[in-house]
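# Chain and residue survey
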Amino acid sequence: MSEKRKHAFINLPLGREDSDTRKNSDELFDLIIRPAFEKFNYELLRVDQIERTNVITNEIVQLLQE
């Protein structure tokens, strides 16, 4: 029986897509944070990747409650 995946979400500095801030955040997420969380069976979601139409603050609160 496979272990149920846990969920986590993270908020990183964003900036414009072509900004150094965004590039650094993307690299940090893809090369360090995501692999570390996946090693412990977490499904990781970046706050900016939430595909809902509500206000982002409401989405964050809901995810924290879950």
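Quick note: structure is the one above.
A brief look at the structure comes next. What you see is a predicted model; the values in this text were computed from it and never measured.

## Digging into unusual backbone geometry
Even without a glycine there, the phi angle at Asn 41 is positive, about 65°. Following the sequence through the fold, Asn 41 ends up in the loop between α1 (20–39) and β2 (42–46).

## Topic: the pairing of β2
The two faces of a sheet get side chains in turn, since along a regular strand they alternate between them. The sheet contact formed by strand β1 (residues 6–10) and β2 spans five bridges and is parallel. Residue pairing across strands places Phe 9 opposite Leu 45, the latter belonging to β2. At this point the chain moves from β1, through α1, to the parallel β2, and the crossover so formed is right-handed.

## A word on the packing of aromatic side chains
Applying the stated criterion to the full structure yields one aromatic pair. Lying across the ring of Phe 29, Arg 46 places its NZ or CZ 5.2 Å from the centre.

Criteria and cut-off values
- Residues numbered from 1 in each chain as written.
- Predicted model: local features only at pLDDT ≥ 70, side-chain atom pairs only at ≥ 80, totals over all residues.
- Heavy atoms only, no water.
- Helix = DSSP H or I, 4+ residues; strand = E, 2+ residues; numbered from the N terminus.
- Pairing = 2+ DSSP bridges.
- Right-handed = clockwise from strand over helix to strand, strands pointing away.
- Phe/Tyr/Trp six-rings, centres within 6.5 Å; stacked < 30°, edge-to-face > 60°.
- Lys NZ or Arg CZ within 6 Å of the ring centre and 35° of its normal.

Keep in mind that these numbers describe shape and distance, not what the molecule does.
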